[in-house]
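Notes for the structure review
Here is how the chains run, residue by residue.
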Amino acid sequence: MNVFQFIVQNHSEVLRVTLEHLRMVVVSIFLAVLVGIPLGILITRWPGLDKPVLGSANIIQTIPSLALFGFLLPVPWIGARADRLAILALSLYALLPLIRNTYAGIKGVDHSVVEAGRGMGMTDRQLLFQVELPLALGVIIAGVRVATVISVGLATIAAAIGAGGLGEYIFRGLAMVNNQLILAGAIPAAALALLADEPTPDDPRSPPSFDLDSVPFGLWSLAREPDRCRLQEFHRTGRSRGDRRPAT
């Protein structure tokens, strides 16, 4: 009996552990997004915090997963249940791509567009939600997808602490030296990771094509075509911006 026949014959159990796996991944990514994206925005507003925040996320990423589970076991309430511990650990691992991509996406917005928005009298809040975030959305979504793929892979280790998921088959197969069981957990996990990273028509990894409807009217042309804007102002007022003479 090959691995596919095993999955078909035990489809109910495979479905159960797959749903457990998905639940851990979805909840952990949701929590990581709630923390990571605001942190990425924060360090664009407070440049002095970028190195400590990104450095801390990098340090968490380098901790071996089993060691992190061990560190979190004594934590009250979290360590009482294996699924809570696994979700917290997965959320911590997902922070780095979310923080880094949010920071890089906002910092990558054309400076002339931001300055044009300030010139139109937009507040920092309006600039963030109406200009910077819409233009950085592709990079942020790419970070969410990377974090999801990382969580799908790491969630298999959660079975080592009794949190369930597809890792149950992998650890059972390792204990029994049974490649069929190992593949029964590894193949669905790999399929989930591929689905999480499945390209879409608006794939953030492709060259960005921003929706200019999300940017306030006239802001893009003001930043990209300053000469035309100055010419329109001259025809409207009868003087250029640099002309200090009073209009007649």
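Looking at the overall build of the protein
- Each helix and strand in the protein was counted, giving 11 helices and 0 strands.
- Going from the N terminus to the C terminus, the protein shows its helices and strands as α-α-α-α-α-α-α-α-α-α-α.
- Restricting the contact set of the protein to residue pairs at least 6 apart, pairs at least 24 apart contribute 71%.
- Carbon and sulfur atoms make up 65% of the accessible area of the protein, which totals about 14200 Å².

Quick look at the environment of Glu132
- With respect to the element layout, Glu132 can be found in helix H7 (residues 124–154).
- Assessed through its relative accessible area of 8%, Glu132 is described here as buried.
- In this structure Glu132 touches Arg45, Ile106, Val109, Val114 and Leu127, once residues within four positions along its chain are discounted.

Some points on helix H3 (residues 50–62)
- Here H3 is 13 residues long and its end C-alpha atoms lie 18 Å apart, about the 18 Å a rise of 1.5 Å per residue gives.
- Here H3 has its buried residues at Asp50, Val53, Leu54, Ala57 and Ile60. For H3, the angular spread of buried residues about the axis comes to 120 degrees, placing them on one side. Away from its buried face, by an angle of more than 90 degrees, H3 presents the exposed residues Lys51, Ile59 and Thr62.
- Contacts made by the buried residues of H3 are with helix H2 (11–45) and helix H5 (82–107).

Let's talk about the packing of H7 against helix H9 (residues 179–196)
- Between H7 and H9, the least distance of the axes is 9 Å, while the angle of their chain directions is 175 degrees. By the angle between their axes, H7 is roughly antiparallel relative to H9. Contacts between H7 and H9 involve Arg145, Thr148, Val149 and Val152 from the first element and Ala189, Leu192, Ala193 and Ala196 from the second.
- Residues that form the contact of H7 with H9 fall into these classes: 6 nonpolar, 1 polar and 1 charged.

Description of the layout of surface pockets
- By volume, the second largest pocket amounts to about 260 Å³.
- As for the second largest pocket, its lining consists of Thr44, Arg45, Ile106, Lys107, Val109, His111, Val114, Glu115, Arg118, Asp124, Leu127 and Glu132.
- Mapped by element, the contributors of at least two residues to the lining of the second largest pocket are H2, H5, helix H6 (111–119) and H7.
- Here the lining of the second largest pocket is composed, by residue class, of 4 nonpolar, 2 polar and 6 charged.

Points about the nonpolar core
- The biggest cluster of nonpolar side chains holds 40 residues, and the ones touching the most others in it are Met24, Ile99, Ala158, Tyr169 and Ala184.
- Mapped by element, the contributors of at least two residues to this core are helix H1 (3–9), H2, H3, helix H4 (65–72), H5, H7 and H9.
- If you tally residues by element for this core, the top one is H5, at 11 residues.
- The contact partners of Ala184, leaving out residues within four places of it in the chain, are Val3, Phe6, Ile7 and Tyr169.

A look at unusual backbone geometry
- We note that Trp77 has phi near 70 degrees; this positive angle belongs to a residue other than glycine.
- Tracing the sequence through the fold places Trp77 in the loop between H4 and H5.
- In this structure Trp77 comes out as exposed when scored by relative accessible area, which is 58%.
- In this model, Val177 sits at a positive phi of 50 degrees, which is unusual for a non-glycine residue.
- Here Val177 is to be found in the loop between helix H8 (167–176) and H9.

Parameters at a glance
Residues numbered from 1 in each chain as written. Predicted model: local features only at pLDDT ≥ 70, side-chain atom pairs only at ≥ 80, totals over all residues. Heavy atoms only, no water. Helix = DSSP H or I, 4+ residues; strand = E, 2+ residues; numbered from the N terminus. Contact = heavy atoms within 4.5 Å. Areas by Shrake-Rupley, 256 points an atom, 1.4 Å probe, with all protein chains shown as cover. Buried < 20%, exposed > 50% of the residue type's maximum accessible area, 1.4 Å probe, protein only. Expected span 1.5 Å × (residues − 1). Arc of directions from axis to C-beta. Axes fitted to C-alpha atoms, helices over the stretch in contact; angles between N-to-C directions. Parallel < 35°, antiparallel > 145°, perpendicular 65-115°, else oblique. Nonpolar A, V, L, I, M, F, W, Y, C, P; charged D, E, K, R; others polar. 1 Å grid on protein atoms, 1.4 Å probe; cavity = no way out; pocket = protein on both sides within 12 Å on 5 of 7 lines; lining within 4 Å. Points joined across faces, edges and corners; volume = space filled by probe spheres on them. Core = buried A, V, L, I, M, F, W, Y, C linked by side-chain atoms within 4.5 Å.

Functional significance is not addressed by these values, which are geometric in nature.
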